[in-house]
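# Commentary on secondary and tertiary structure
Listed below, chain by chain, are the residues.
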Amino acid sequence: MLVLALAFLLQSAPPSEETIARLRGVVAGATRAVEGDSVPKVERAWQARAGRDPSALLGLATLARLTYDYPNADRIYLLLQSRAPQPPSPAHLYATLGLALSRAARQEFGPAIALLESARKEADALKDPRASVEARLTLAALTARTVGLDSARAVLTGAAALVPEADTALLARTRCAQASLLRGVNVRRADTLAIDGLRLARTTTDRRTVGGCLVAAGQVAEARGAQLEALSYFAQAARLLGESRDRHALAAVHQWLTYHVVQFSATFWKGRDLALSAIEGGRRTGNAAAEAWARLNLAQLGVRMGDVVAALAHIDTARTLFQRSGDRLGLANLAYTQGQAAMLAGQPARARAAFQQADSLNSALGVTLARAGIRLQIAATFRLEGRLDDAARTLAAAEETARRDRLPGIIVDAGYEHGLLSLARGQWDSAAIRFAAFRDRTGRSGWGAQLDADIRNAEARARGGRFDEAEAALDQGLFGLARRRFHREYQNREGQLAMLTARRYDADPDLGLATTVALFARSGRTAQALRIAEGWRGHYLLSRMLRLRGAADSNSSAPLSVFLPDSADIATLPAQIPDSTALLMYVTGRGGEPTTVFAVSRAGITAHDLPPADSLVAPIARFQAVLEGGAPARALATRLGRELIGPALSGLDRSITRLIIVPDGPFYRLPFDALMLQDGRYLLERYAVSLAPSARLAGRWWTQPAASPGTRAVVFGDPRLAAAARLPRLPASGLEARDVARRTALPDLKLRADASEHALKDASLVDAGLLHLATHASVSDLGILTSGLSLAPGGGEDGHVGAGEIAVLRLNQALVVLSGCRTVGGAVVNGEGLQGLTTPFLEAGARTIVATQWAVGDRAMAELMRDFYEGMATGAPVGAALRAAKLLALRRGAAPTVWASLALVGDAGLKPSVF
């Protein structure tokens, strides 16, 4: 009966302005209901009238669409279409338009475009200009992504003239849509339209219209290089669209905010959170475009953070979403990002192919303003391949295009590429001038690009033999870096580390200090070379340690001198180092950069050349894999020992028995204990080895008391893990924890449900001399945000203790033992070392950490731990006790897979007060 009644009413309804106005009023009423949180009330009213009033049925369909119940919305729209008179008729028109908007919201571009074309024809036939413009606005947006900008602009030709004079909101939306389409071709015209559209929008009370125009104004501001202005527009849009309950559009705005943060800010943790919000919002509202573009932004974030694997994973996901919807504009941007990832991976030919694909797609779409930036990247690929003439020609073309299109930011960036090209040609003075000029002109890329320019300037001047000028340039850059770390934006841990990890401007994979350090060392300026290397290391960790002791004010610039060592600091290192101890510091880079190892002992400071790290990445990875698998690796151990440790040891006095190693790059993955010496012994058999983040941090351990003040032992084992963690139980870890607790004087044993994240955070650890954690660990070598420990959930905690949560624990020079499967690894952050689990514990106040480099069988690990704890119980320092335990395992015939699995990070001289 409902269907028959509906059919009768629809067939008898004459197409009139009154009918059109009533249907438009229903759509507006549905929007007001969503914005005013009155959907249930309005929905009940329309449901009561749906049998006799087709406009009420249209209202129910619109409510379903605006609350993202697309299946129900489509069902009602299709019912309206099927029962309406043959088009043209108002009911059929608004059902078609609503169905098109529903399909477009879900990125079903093909069906949506066909429906919008039909809706536009019906609207024109019915002389409904508002509906015609509505259809054109969405049709133009979809056409821009799938066909091209010229076709999209043609869709909107004459649209503004169709808007009734009284409909200010619709005229504003039309102006803003035109601005958005023009920003890739004519920024000035786009800016005029965006300003006019936003002005009109603000004269209305329609928050969704104002929010949409703010987005368009932000897009145009970003295109003309006004990044702070763009950020302001996007932030305002997010607020208004949130207030209007338009979560679909809000997801898209979060994507734009993500893009802005990733590309033009160092607050990368904010970009990650915004991208995740865009993905969640997109999934909840069916906005696959928001998820696709957010994935693209996460891929760009991966590139900026040096995480190629994560970047490629997000690229694959985004590609699937873009291809599914036919979004060629998204695929163009994706190709560009894939080129950047290939550049970072040192694959210039593959990068160039991706950039050329991006150029081809953008050209087909009419996005002409992207060409200059793409040509700049292609020039870099030629330079990396040594095709310098091709690089110069392409760079000149990029500059010419940028001048023609009035893109001053690209022209400034081209100056940096000119500097790199001069370096590649051996034109040191020209390179230095280029980098200095770039630094002076840089406002668009900010302080990070200035730091890159300072580093490259220093390299150019050092290559030209002007070492004093090189040192001054580096001091300028490193001082700016240290000062930036006290900026309020970077006070949290993720902000500080992301700032250091990020690729700022330079696409060249060998950006770093390794070349300059090597040049200083080779010229006999060994102390200056070591000073430069130390000036880059351990700033964040040192600042954390000072703050724990109340020695630094995070809001003051006074402590900056602490982070930039002067010549006197370096000169005192040999006098500070303990007897029988030597410190080995490695400095290396990528892309063929040289490796330098410094050896510091009471006899002085020496420097030695080693092979480039690139040639050692694969052997080191193979060595670790073979050891972990339990197979013999004497040949690799001999080769790596000869190449990596032999030169530094050759000049040391025979009285040296302890080595403190400050690794760099791939050497963080190297199990030093298992290296072979020239006499056929393992390094373990000749030296006690420990690791340190920097020489000055090691120096603080030399000059401060080595006894832990805590007397309590806090021991976690065999936690009752959350089902969602999908991790197996570790019953042997419970036995291990009981054994450790039995050996200490004041044990605080936590097992099963008591071994919880809440218990760890709630425990008072200030009086703990020992924190032993026998549980699963997840350590990522690719990013700084994912490593953590698994404990029992409860007390409002999920059981995953992330690195940031570990870093805020309050430890007082305690020994931390991480007896998990693999707890030493992590992402390598420029100058700050591994950021897995060991560094966060040092940040929290631990003095010494013993951690695993790979998984070892329960029985073998239990024996190793037993001997280690027995050694400390007799009064031996941590380092001596660990080495003695390893030597016992070696004498029992254990393979390196057992005893080389444990590494000591921190003060080897610590004597815990828990026995």
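Rules behind the numbers
Residues numbered from 1 in each chain as written. Predicted model: local features only at pLDDT ≥ 70, side-chain atom pairs only at ≥ 80, totals over all residues. Heavy atoms only, no water. Helix = DSSP H or I, 4+ residues; strand = E, 2+ residues; numbered from the N terminus. Buried < 20%, exposed > 50% of the residue type's maximum accessible area, 1.4 Å probe, protein only. Contact = heavy atoms within 4.5 Å. Areas by Shrake-Rupley, 256 points an atom, 1.4 Å probe, with all protein chains shown as cover. Phe/Tyr/Trp six-rings, centres within 6.5 Å; stacked < 30°, edge-to-face > 60°. Lys NZ or Arg CZ within 6 Å of the ring centre and 35° of its normal. Pairing = 2+ DSSP bridges. Salt bridge = Lys/Arg side-chain N within 4 Å of Asp/Glu carboxyl O. pLDDT = per-residue confidence, 0-100. Polar contact = N/O pair within 3.5 Å; in protein donor to acceptor, adjacent residues only side chain to side chain. Disulfide = S-S within 2.5 Å.

So, about the overall build of the protein. In terms of regular secondary structure, the protein is built from 44 helices and 16 strands. A total of 915 residues make up the protein; the buried ones form 59% of that total. Taking contacts inside the protein between residues at least 6 apart in sequence as the whole, the part at least 24 apart equals 70%. Accessible surface, the protein as shown: approximately 34900 Å² in total, 52% of it carbon and sulfur.

Evaluation of the coordinates by the stated rule reveals twelve aromatic pairs. An angle of 70° between the planes, with centres 4.9 Å apart, marks the rings of Tyr-416 and Phe-438 as edge-to-face. Here Phe-438 lies in helix 24 (residues 428-441) and Tyr-416 lies in helix 23 (residues 408-425), a separation of 22 residues in the sequence. For the pair Tyr-416 and Phe-438, one class covers both residues: buried. Ring pairs connect the aromatic residues Tyr-416, Phe-435 and Phe-438, which therefore count as one cluster. Of note, Arg-634 hangs over the ring of Tyr-682, and the distance from its end group to the ring centre comes to 5.9 Å. Looking at Arg-686, its charged tip hangs above the ring of Tyr-687, at a distance of 4.5 Å from the centre.

Sheet faces and side chains relate simply in a regular strand, where the side chains alternate between the two faces. Of all five residues in strand 16 (residues 902-906), five are buried, a share of seventy percent or more. Pairing between strand 15 (residues 848-852) and strand 16: five bridges, direction antiparallel. Bridge pairing links Val-850 to Leu-904 in strand 16.

Let's shift gears to the side chain of Thr-526. Positionally, Thr-526 belongs in helix 29 (residues 526-535). Overall, the relative accessible area of 16% leaves Thr-526 in the buried class. When near neighbours in sequence (up to four residues on either side) are disregarded, Thr-526 contacts Phe-520, Ala-521, Phe-598, Ile-605, Thr-606 and Ala-607.

Before going further, it helps to spend a moment on the pattern of salt bridges. Applying the stated criterion to the full structure yields 56 salt bridges. Residues participating in the shared-partner salt-bridge network are Glu-35, Arg-207, Arg-208, Arg-239, Glu-243 and Asp-246.

Relative to the helices and strands, Arg-173 is located in helix 11 (residues 168-182). The spatial distance from the C-alpha of Arg-173 to the C-alpha of Ala-216 is 9.5 Å, given a sequence separation of 43 residues.

Let us look at the confidence of the model for the protein. Per-chain confidence: the protein averages 83 in pLDDT, with 87% of residues scoring 70 or above. When mean pLDDT is taken per element in the protein, helix 22 (residues 388-404) scores highest with 95 and helix 1 (residues 2-12) scores lowest with 39. The low-confidence segment residues 822-829, where pLDDT is below 50, has 50 contacts with residues more than four positions distant or belonging to other chains. Here residues 831-835 scores under 50 on pLDDT; set against residues more than four positions off or in separate chains, the count is 30 contacts.

Here Asp-739 shows up in helix 38 (residues 731-743). Residues Asp-739 and Val-715, spaced 24 residues apart in sequence, show a C-alpha to C-alpha distance of 9.9 Å. In this structure the side chain of Asp-739 is engaged in a polar contact, spanning 2.6 Å, whose partner is the side chain of Arg-742.

Let us look at the state of the cysteines. One pass over the structure, following the stated rule, counts one disulfide. Between the sulfur atoms of Cys-176 and its disulfide mate Cys-213 the distance is 2.2 Å. Because the sign of the S-S torsion sets the handedness, a value of about 110° for the bond joining Cys-176 and Cys-213 places this disulfide among the right-handed ones. One end of the pair, Cys-176, is in helix 11; the other, Cys-213, is in helix 13 (residues 207-223), and 37 residues separate them in sequence. For the pair formed by Cys-176 and Cys-213, the shared burial category is buried.

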